[in-house]
There are 2 protein chains.
Amino acid sequence: MARVAVDVVIKSEILDPQGKAILAALTRTGHPGVTSVRQGKHFDLEVDDTVSDEDLEEIAGHLLANRVIEEWTVTRIAEPETAK
Amino acid sequence: MARVAVDVVIKSEILDPQGKAILAALTRTGHPGVTSVRQGKHFDLEVDDTVSDEDLEEIAGHLLANRVIEEWTVTRIAEPETAK
């Protein structure tokens with residue numbers, strides 16, 4: 001069993017109003033050091049050994065992301081993540 | 001300037017209907033190897049050197065995530081990511 005993270009964000013050339021709103025909020029609440037924010041979707045998948053990297057690309061590109069306006073990255077996470 | 005990824009997901013003990021729906025769709029479309037899906041939010045931040053790891057934890061825990069039902073991970077990305 002392996003864990004896979006798929007992150008989907010809006011393409012950089014497309015306006016991201018949510019990201020802009022978060023950036024403004026961060027500046028207002030005393031975090032001027034943050035210079036840009038893009039918000040997207042994060043998927044934590046658990047997959048068995050039958051799922052290849054090509055399968056993951058197909059899953060990400062056809063089901064999890066909208067190819068027209070979004071770009072994605074697929075990352076296999078070998079060891080368990082420590083979440084807060 | 002550094003890039004930081006903040007991933008926010010619903011705590012595992014809380015029902016994730018979106019994740020369940022995606023899992024069902026993946027199984028229907030020929031990906032039985034995927035055994036679990038959790039959907040959350042992904043944030044790509046660009047920060048300057050004034051932003052410390054403590055600042056990032058505060059940003060994630062107070063602004064980007066709802067501590068009651070969500071957990072988060074903060075990852076500093078040193079080199080530029082190659083997105084598809």
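Details of the structure are given in the entry above.
Bear in mind that the values here come from a model prediction, so they are computed numbers and not experimental data.

Draft legend 1. Structural view of the pattern of salt bridges. Scanning the model with the defined rule gives 10 salt bridges over all chains in all. Residues D44 of chain A and R3 of chain A are paired through a salt bridge, measuring 3.0 Å at the closest nitrogen-oxygen approach. Residue D44 of chain A is located in strand β2 (residues 34-47), and its partner R3 of chain A is located in strand β1 (residues 2-10); the two are separated by 41 residues in the primary sequence. Like D44 of chain A, the residue R3 of chain A is buried in the burial classification. The partner of E70 of chain A in a salt bridge is K41 of chain A, with the nearest N and O atoms 3.6 Å apart. Placement of E70 of chain A in strand β3 (residues 70-77) and of K41 of chain A in strand β2 is noted, with a sequence separation of 29 residues between them. What makes E70 of chain A buried here is its relative accessible area of 11%. What you see here is one network of salt bridges that share partners, running through R3 and D44 of chain A together with R38 and E71 of chain B.

Draft legend 2. The arrangement of the interface of chain B and chain A in detail. Across the boundary between the two partners, chain B contributes 38 residues, which contact 38 residues of chain A. Carbon and sulfur atoms supply 60% of the area buried between chain B and chain A, which totals about 3200 Å² over both sides. Put simply, chain B and chain A have 2 salt bridges between them. The residue D44 of chain A makes a salt bridge to R38 of chain B at a minimum N-O spacing of 3.7 Å. Elements with a contribution of two residues or more to the side of chain B that touches chain A: β1 (2-10), α1 (17-28), β2 (34-47), α2 (53-64) and β3 (70-77) of chain B.

Draft legend 3. Representation of the relation of the copies chain B and chain A within the structure. Rotating chain B by 180° and moving it 0.0 Å along the rotation axis overlays it on chain A with an RMSD of 0.0 Å. Expressed as a symmetry operation, the mapping of one chain copy onto the other fits a two-fold axis. Most of the interface of chain B is mirrored in chain A, where 100% of its interface residues are also at the interface.

Draft legend 4. Geometry of the environment of V37 of chain B. With respect to the element layout, V37 of chain B can be found in strand β2. Of the residues examined, V37 of chain B reaches a relative accessible area of 6% and is grouped as buried. Each C-alpha atom, one on V37 of chain B and one on L23 of chain B, is 5.8 Å from the other, the two residues being 14 residues apart in sequence. Other than its neighbours up to four places away in sequence, V37 of chain B contacts F43, D44 and L45 of chain A together with D16, G19, I22, L23 and L26 of chain B.

Draft legend 5. Quick look at a nonpolar patch on the surface. Residues and elements named next belong to chain A. A surface patch of nonpolar side chains, about 240 Å² in accessible area, is lined by I14, V68 and I69. Position of I69 relative to the elements: it lies in the loop between α2 (53-64) and β3. I69 sits in the partly exposed class, given a relative accessible area of 35%.

Draft legend 6. Looking closely at the sheet that holds β1 of chain B. With antiparallel pairing, 6 strands are arranged side by side in an open sheet as β3(A)-β1(A)-β2(A)-β2(B)-β1(B)-β3(B). Each of the sheet's edge strands pairs with one partner strand only, and the pair in question is β3 of chain A together with β3 of chain B. Ignoring strand direction, the axes of neighbouring strands in this sheet form an average angle of 25°. In the packing of α1 of chain B onto the sheet, the strands contacted are β2 of chain A together with β2 of chain B, and the crossing angle to β2 of chain B comes to about 120°. Along the sheet, α2 of chain B makes contact with β2 of chain A together with β1, β2 and β3 of chain B, crossing β3 of chain B at roughly 145°.

What counts as what
Residues numbered from 1 in each chain as written. Chains lettered and ligands numbered in written order. Predicted model: local features only at pLDDT ≥ 70, side-chain atom pairs only at ≥ 80, totals over all residues. Heavy atoms only, no water. Salt bridge = Lys/Arg side-chain N within 4 Å of Asp/Glu carboxyl O. Helix = DSSP H or I, 4+ residues; strand = E, 2+ residues; numbered from the N terminus. Buried < 20%, exposed > 50% of the residue type's maximum accessible area, 1.4 Å probe, protein only. Contact = heavy atoms within 4.5 Å. Buried area = accessible area lost by both parts, 1.4 Å probe. Least-squares fit on C-alpha atoms with pLDDT ≥ 70 in both. Patch = residues over 30% accessible without salt bridge, like charges linked within 9 Å, V, L, I, M, F, W, Y side chains within 5 Å. Areas by Shrake-Rupley, 256 points an atom, 1.4 Å probe, with all protein chains shown as cover. Pairing = 2+ DSSP bridges. Axes fitted to C-alpha atoms, helices over the stretch in contact; angles between N-to-C directions.

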